[in-house]
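The lines below spell out each chain.
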Amino acid sequence: RAAELSPVAAMRGRRLVRAADHAHELGRRDVVVRLLDEAESLALDPVDRARAAWRRQVLVDPAVGDPARVQALVDTVGRMRDAGDVDMALDSLLTVAATAFRMGVGGDQAELIAAAAESLPVDAHEPRLVNVLGLVTPVARGQVVLDRLAAAAVRVADPGALGQLGEVAGIVGDQATAEDLSARAARGLRASGRLGALTQSL
C-alpha cells in the first residue's frame with residue numbers, strides 16, 4: 001500500500017522490492033513474483049534494480065550448484081557492498097549461505113561465500129555474519145561461531161533472525177542453545193504469521 005501511494009517511481013519500486021522480501025517470509029511465492037514483476041517495470045535506481053534481480057534469482061529460483069553460479073552471486077554481493085549497501089549485501093549472502101547449506105555446497109565454493117561475508121565492514125558479532133560462517137564453514141569456523149553465538153543472540157530482536165541463529169547453533173553442535181533459540185523464535189514467528197520462517201524454526 002505504501003508503494004501504491006508513493007508518487008516517485010524509484011521509491012515505489014524500492015518499497016515493492018522490500019514488500020517482495022516480506023512476502024517471501026510469509027510463504028507467499030505468488031505474491032513475491034507479482035511484486036517483483038511490478039517493481040522491475042519501473043525506473044529503479046541501480047542498487048534497487050540489483051536488489052530486485054537478486055530477489056528473483058535467489059528467492060524465486062534459489063538453486064545454487066555450480067561454481068560459476070556461486071561466483072556470480074558473490075560478485076553481485078560485492079557490487080552491493082561497493083555501492084554502499086552493506087546491509088543488503090549481508091542479507092543476500094545469508095540467503096546464499098542458507099541455500100548452499102541445504103544443497104550440501106562445500107569446499108572452495110563454501111570458502112568463497114565465507115570470505116565474502118568476512119570482507120564486509122561489519123562487527124564480528126553481527127548475527128547475520130555468524131549465521132553465514134556457521135552455515136557454509138561449520139567445521140573450519142565452528143569454534144569461531146560457538147564463541148560468537150551468545151553475543152550475537154543478545155543483539156537479535158527479530159524472531160526470524162533468532163531462528164536462523166538457532167539453526168546455526170545446532171549445525172555447529174550446541175544443541176541446548178539451538179533448542180532455546182528455536183523455541184523462542186517459533187513463538188514470535190507464529191504470533192506474527194510468518195509461516196515460511198516458522199517452518200524452519202520448527
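From a predicted model like this one, the values you see are computed outputs, not experimental measurements.

Colleague: Requested: an account of the overall build of the protein, with residues and values cited.
Modeller: On a plain count of helices and strands, the protein comes out with 11 helices and zero strands. Secondary structure of the protein in N-to-C order comes out as α-α-α-α-α-α-α-α-α-α-α. When its C-alpha atoms are laid out on the principal axes, the protein stretches across 50 × 40 × 30 Å. Buried positions account for 45% of the 202 residues belonging to the protein. With 24 positive and 27 negative side-chain charges, the protein shows a spacing of 6 Å between the two charge centroids.

Colleague: Talk me through the nonpolar core; I want residue IDs and the actual numbers.
Modeller: Grouped together as the largest cluster of nonpolar side chains are 46 residues, with contacts concentrated most on Leu93, Ile113, Val132, Val136 and Leu165. Within the residue set of this core, elements represented by two or more residues are helix 4 (67–82), helix 5 (86–103), helix 6 (107–118), helix 7 (127–136), helix 8 (142–154), helix 9 (159–171), helix 10 (175–192) and helix 11 (195–201). Residues contacting Val132, with those up to four places away along its chain left out, are Leu93, Leu94, Ala97, Ile113 and Ala117. Grouped together as the second largest cluster of nonpolar side chains are 13 residues, Leu16, Val17, Leu35 and Leu36 included.

Colleague: Could you give an account of the pattern of salt bridges, with specific residues and numbers?
Modeller: Taken as a whole, this structure holds 11 salt bridges when the rule is applied. With a closest N to O distance of 2.9 Å, Arg141 and Glu118 form a salt bridge. Of this pair, Arg141 sits in the loop between helix 7 and helix 8 while Glu118 sits in helix 6; the two residues are 23 residues apart in sequence, bridging distant segments of the chain. Residue Arg141 is classed as buried on the basis of its relative accessible area, which comes to 11%. Here Asp123 makes a salt bridge to Arg155, at a shortest N to O gap of 3.1 Å.

Colleague: Quick one: what's the story with the packing of helix 7 against helix 9, residue by residue and with numbers?
Modeller: At a minimum axis separation of 9 Å, helix 7 and helix 9 run at an interaxial angle of 35 degrees. Like other packed secondary-structure pairs, helix 7 and helix 9 cross with a definite hand, here left-handed. Contacts between helix 7 and helix 9 involve Pro127, Val130, Asn131, Gly134 and Leu135 on the former and, on the latter, Ala161, Gln164, Leu165, Glu167, Val168 and Ile171. In terms of residue class, the contact of helix 7 with helix 9 is made up of seven nonpolar, three polar and one charged.

Colleague: Please set out the environment of Leu5 residue by residue, giving values where relevant.
Modeller: Its location among the elements puts Leu5 in the segment before helix 1 (9–25). For the pair formed by Leu5 and Arg102, sequence separation is 97 residues and the distance between their alpha carbons is 39 Å.

Colleague: Lay out helix 6 in plain terms, naming residues and giving numbers.
Modeller: Over its 12 residues, helix 6 extends 17 Å from the first C-alpha to the last, a length consistent with the 16 Å expected when each residue adds 1.5 Å. Among the residues of helix 6, those classed as buried are Gln109, Ala110, Ile113, Ala114, Ala116 and Ala117. Each buried residue of helix 6 lies within a common arc of 160 degrees when the element is viewed along its axis, so the set occupies one face. Exposed residues on helix 6 whose side chains face more than 90 degrees from its buried face are Gly107 and Asp108.

Colleague: Could you give an account of the environment of Leu195, naming the residues involved and the relevant values?
Modeller: As for its position among the elements, Leu195 is in helix 11. Beyond its immediate chain neighbours, meaning those up to four positions away, Leu195 contacts Glu25 and Leu26.

Colleague: Tell me about the environment of Val33, residues and numbers included.
Modeller: The topology assignment puts Val33 in helix 2 (residues 29–40). Separated by 22 residues in sequence, Val33 and Arg55 place their C-alpha atoms 9.3 Å apart.

Colleague: Residue-level account of helix 7, with values.
Modeller: Burial analysis of helix 7 places 10 of its 10 residues in the buried class, the great majority of the element. For helix 7, the set of buried residues is Pro127, Arg128, Leu129, Val130, Asn131, Val132, Leu133, Gly134, Leu135 and Val136. Considering only its buried residues, helix 7 is in contact with helix 5, helix 6, helix 8 and helix 9.

About the cut-offs
Each chain has its residues counted from 1, running along the sequence as written. Side-chain atom pairs in this predicted model are given and counted only at pLDDT of 80 or more, local residue features only at pLDDT of at least 70, and totals for whole chains, interfaces and linings cover all residues. Hydrogen atoms and water are omitted, and side-chain values are computed over all heavy atoms in the structure. Secondary structure elements are taken from DSSP: a helix is a run of H or I of four residues or more, a strand is a run of E of two residues or more, and numbering for both begins at the N terminus. With a 1.4 Å probe rolled over the protein chains alone, any residue whose accessible area is under 20% of its type maximum counts as buried; one over 50% counts as exposed, and the rest are partly exposed. Charge assignment in this entry is limited to Lys and Arg as positive and Asp and Glu as negative, and neither His nor the chain termini are counted. For charged residues, the charge sits on one atom: NZ in Lys, CZ in Arg, CG in Asp, CD in Glu. Here, the term nonpolar core denotes a set of buried Ala, Val, Leu, Ile, Met, Phe, Trp, Tyr and Cys residues that are joined through side-chain atoms within 4.5 Å. Any two residues having at least one pair of non-hydrogen atoms within 4.5 Å are treated as being in contact. Between Lys or Arg on one side and Asp or Glu on the other, a salt bridge is scored when a side-chain nitrogen of the former is within 4 Å of a carboxyl oxygen of the latter. Axis lines are fitted through C-alpha atoms, for helices just across the contact stretch, and the angle between N-to-C directions can take any value from 0 to 180 degrees. We call a crossing left-handed when the near helix sits turned anticlockwise from the far one by less than a right angle, and right-handed when that turn is clockwise. Throughout, the ten residues Ala, Val, Leu, Ile, Met, Phe, Trp, Tyr, Cys and Pro are labelled nonpolar, Asp, Glu, Lys and Arg are labelled charged, and all others, Gly among them, are labelled polar. To estimate the expected span of a helix, subtract one from its residue number and multiply by 1.5 Å. Here the arc refers to the set of directions running from the helix axis out to each C-beta atom.

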